[in-house]
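Spelled out, the chains give:
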Amino acid sequence: MASSLDIPVCPLYISAVILDFSKSKKNVESAEVRISSMSPTPINDWAGKAAQQTFSPPMKLSLEDTLSLHVRYKTWFGNKHEDIVVELADIFQKCNAGERQEYNMVHKKITIVVELSGNPTTEQTEQFVSSDESPELLPTTDEIFRKCPQFRILVIGKTGVGKSSLINHAFGVQNATASHDKPGEVSIDHEFTSLQNKRFVLHDSKGFEPGEKDNLKVVRDFIDRRRAMPDLKNKLHAIWLCFEIPRAGGRLLETGVEQFLTSKHKGELGNIPIIAVFTKYDTLLDRVERTLDKPSIKGLSKAAIQDLIKKHAEDKLQEVCVAPLEKFAKSAVPHVTVSTNGNHEETLTHLIKTTEELVRNHVGADASVMTSVAQRVDPGLKIKASIDVRVGKRKYWKALASSIPFKKRSMWDCLHVLHADIVNVWNFQDPHGYLCSPEFRTLMTNMVNELDVGPTADSNKTLSFGLTIVGTIATIVSALSGPAAPIVVPIAASVVIASWVLEVYEESRPALQRFMKYIIDLTLVLQTLVLVAGNQKLSRKAIKLAVKSYHESPMSGEVHNRIQEHDRQSTPWQRANRDSLDQLVALLQLYDISAEEVSSLRGRLPDVDLSSDEPWGA
């Protein structure tokens, strides 16, 4: 615990406490916030496996207070409870008075976020406006992007280790600039950004080359400076320490790297996540395959041979990479093996997921959302971020069954904020803003209306999203009169034909169904767009192909049928509580596809030119 002499004496103000127990197996029934200077406060705002309690006005904290969470669990043997103590000294040590920020901790797989406000008098005016004043509905992502507009990463590695290729693939850009392009000329403080993906910023270091004694100090000083910056947007969110897997007899770690890893193990580099990235895994597999004893594999199937190659490769990795790393870093630096060549998308997915989890646990929830937003590898992580307690579950998704945030609003306005949050998380290369245009929003709204009255599917069957969509795309493309023929979407894009969109929101079963359908339809259309357009600049033709493919596939009918079936089987109490949100999350997770599936499915797509643009109504 920090010494009281090191801790600021200015009070802090707690504006919210968030619990996320999605990774815990415990069945949490209730929780309450206990601050010594006030009566216990039950947490009443629940959304799936997450809960939030806001304080209006914010509660003042001093070092003399105590803060804990009293959590009750339901078990086979009855109810149990636990008090989770939050160390206020640690909060005061890590957070600055007068700044709006958050404190994160993890207790037995339960993530706890304590939100701290700045000056409560100004924040009350900004955040806690009465419903009678009808404040503007703002996307939740606007607040996240204001605090943390970019994922900030430092990539360290020698020339030729594959840093540029790694960045290109992880963030969906071309020709990422790295310091080896101009040896010795680019400072570690230089911010590399890309117009193709504005949600990440790269700092590059040439690594700890033999004889480069000064670079270790340069990197450590840079990390220390970034740690001391008060705003989350300026802090360093993660470090990828890159190594090319050495050949037989090669050395993985230079002296400078050993010292750097030892510093991390001793805690001298703080909580900043550092991941060791072993690159060019495909080259290792090729080397292992060439050295296999041919008589020993005679008669084995191709799959069995591939499994044998991977096992030998893992043994070699343990010997030449993992063992030297753990000698100096112990367990402080996790490792990931990656390849940007061949069919090894699962390795990049593992790297991104590992990074996101470490950022969430050690930097903050908003920074972890930005990790998911910036990456362009894993569609599933995009869906997870849309659902996240910091985005969907934080405010508007919880309002699907209650009218509080949407009171006196038109359905069009309500759908607008839901739409903006989802599109912002997917982070396509969309310089013209097509995905937020009135025409695209109209297409999505009219799709919900049209499928409302369309045929239903068999709710007992679950279609494969990828194969179903690819089959529909192939049918659509084969029916085109030529490569330049326009995509005709059988849904109006210029006029909203759904009259309910112009009505004022009211708590009702139809409103709940339409919100659920819109969220899932939009998400699956964007997932389809990943298949057809990838990381290319979006055209209206590509968007229309994604919309038409989802609309004409059996998938859309199945999704709507499942939502209607859920509504028929739910009681009014279930619809008004967490049950509908849980069903929404379950459906999104049921139809998401992995990065490996994306690569495989793209190989089955027919050729179609989506670079040329065309009007929405063509």
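To be clear, the structure that these remarks concern was listed above.
Just so it is clear, the model here is predicted, and its values are computed rather than measured.

Chemist: Would you explain the environment of Y434 in this entry?
Modeler: The topology assignment puts Y434 in the loop between α13 (411–426) and α14 (438–452). For Y434, a relative accessible area of 11% corresponds to the buried category. Along the sequence, Y434 and S539 sit 105 residues apart, while their C-alpha atoms lie 7.8 Å from each other. Excluding residues within four positions of it along the chain, Y434 makes contact with F440, L538, S539, R540, I543, D613 and W616. A distance of 2.5 Å separates polar atoms of two side chains, one belonging to Y434 and the other to D613.

Chemist: Honestly, the packing of aromatic side chains in this entry has me stumped. Any pointers?
Modeler: Ring pairs (aromatic) are described by centroid distance and by the angle formed between their planes. Tallying each qualifying case throughout the model produces 10 aromatic pairs. An angle of 5° between the planes, with centres 4.4 Å apart, marks the rings of F171 and F200 as stacked. Here F171, found in helix α4 (residues 163–171), pairs with F200, found in strand β12 (residues 197–205); they are 29 residues apart in sequence, far enough to count as distant. The positively charged end of R199 is found above the aromatic ring belonging to F145, 3.9 Å away from the centroid.

Chemist: Whenever I open this one, the environment of R146 confuses me. Can you help?
Modeler: By the secondary structure assignment, R146 is in helix α3 (residues 140–147). A relative accessible area of 47% means that R146 is categorised as partly exposed. Separated by 87 residues in sequence, R146 and K233 place their C-alpha atoms 8.5 Å apart.

Chemist: Could you clarify how one ought to interpret the sheet that holds strand β3 (residues 41–42) in this entry?
Modeler: In sheet architecture, strand pairing relies on hydrogen bonds along the backbone and comes in two forms, parallel and antiparallel. Strands sit in the order β3-β2-β6-β7 across an open sheet of four strands; the sheet is antiparallel. Pairing within the sheet leaves two strands with one partner each, and these edge strands are β3 and β7 (78–86). For strand β6 (residues 67–75) and β7, the ladder comprises nine bridges, and the chain directions are antiparallel. Residue pairing for β7: V71 is matched across the bridge by E82.

Chemist: Even after reading the chapter, I still don't get α4, so can you show me in this structure?
Modeler: The periodicity of an α-helix, 3.6 residues per turn, causes residues three or four places apart in sequence to face the same way. Counting buried positions over the nine residues of α4 gives seven, a clear majority of the element. Residues K163, S164, L166, I167, N168, A170 and F171 constitute the buried set of α4. Where α4 is buried, its residues contact β10 (151–156), β12, β13 (238–244), β14 (274–279), α10 (345–362) and α11 (365–374). In the stretch just after α4, G172 is the one whose phi turns positive, near 65°.

Chemist: Help me understand the pattern of salt bridges, please; the structure alone is not making it clear to me.
Modeler: Two side chains with opposite charge may pair up if their charged atoms get near one another. Summed over the entire model, instances satisfying the criterion amount to 26 salt bridges. For E191, the salt bridge identified is with R152, shortest N-O distance 2.9 Å. Linking E191 in the loop between α4 and β11 (192–194) with R152 in strand β10, this pair joins segments that are 39 residues apart in sequence. By relative accessible area, which is 4% here, R152 ends up buried. Where E356 meets K384, a salt bridge forms, and the shortest distance between an N and an O atom there is 3.6 Å. Remark: K384 occurs in helix α12 (residues 379–387) and E356 occurs in helix α10; sequence separation between them is 28 residues. E356 gets classed as buried once you look at its relative accessible area, which sits at 4%. Judged by its relative accessible area of 34%, K384 falls in the partly exposed class. Overlapping salt bridges bring together D20, E356, R360 and K384 as one network.

Calculation criteria
Numbering of residues starts from 1 in each chain and follows the order in which that chain's sequence is written. It should be noted that, the model being predicted, local features are given only for residues of pLDDT at least 70 and side-chain atom pairs only at 80 or more, the latter also being counted only at that level, while totals for whole chains, interfaces and linings use all residues. Side-chain metrics rest on all non-hydrogen atoms present in the structure, leaving aside hydrogens and water. Numbering of helices and strands runs from the N terminus, with a helix taken as a DSSP run of H or I at least four residues long and a strand as a DSSP run of E at least two residues long. Classification of residues uses two cut-offs on accessible area relative to the type maximum, computed with a 1.4 Å probe and protein chains only: under 20% is buried, over 50% is exposed, and between them is partly exposed. Residues are treated as being in contact if the distance between any of their heavy atoms lies within 4.5 Å. Identification of polar contacts relies on pairs of N or O atoms within 3.5 Å, with a donor-acceptor requirement for protein atoms, meaning one able to donate a hydrogen and the other able to accept it, and with residues adjacent in sequence counted only if both atoms are side-chain atoms. We call Phe, Tyr and Trp rings a pair once their centres come within 6.5 Å, taking the six-membered ring for Trp, and we label the pair stacked below 30 degrees between planes, edge-to-face above 60, and tilted otherwise. Only lysine NZ and arginine CZ atoms are considered, and such an atom sits over a ring when it is within 6 Å of the ring centre and within 35 degrees of the ring normal. Note on pairing: two strands pair once DSSP finds at least 2 bridges between them. Salt bridges are defined by distance alone: a side-chain nitrogen of Lys or Arg within 4 Å of a carboxyl oxygen of Asp or Glu.

Honestly, that's just the spatial picture; any functional story needs more than this.
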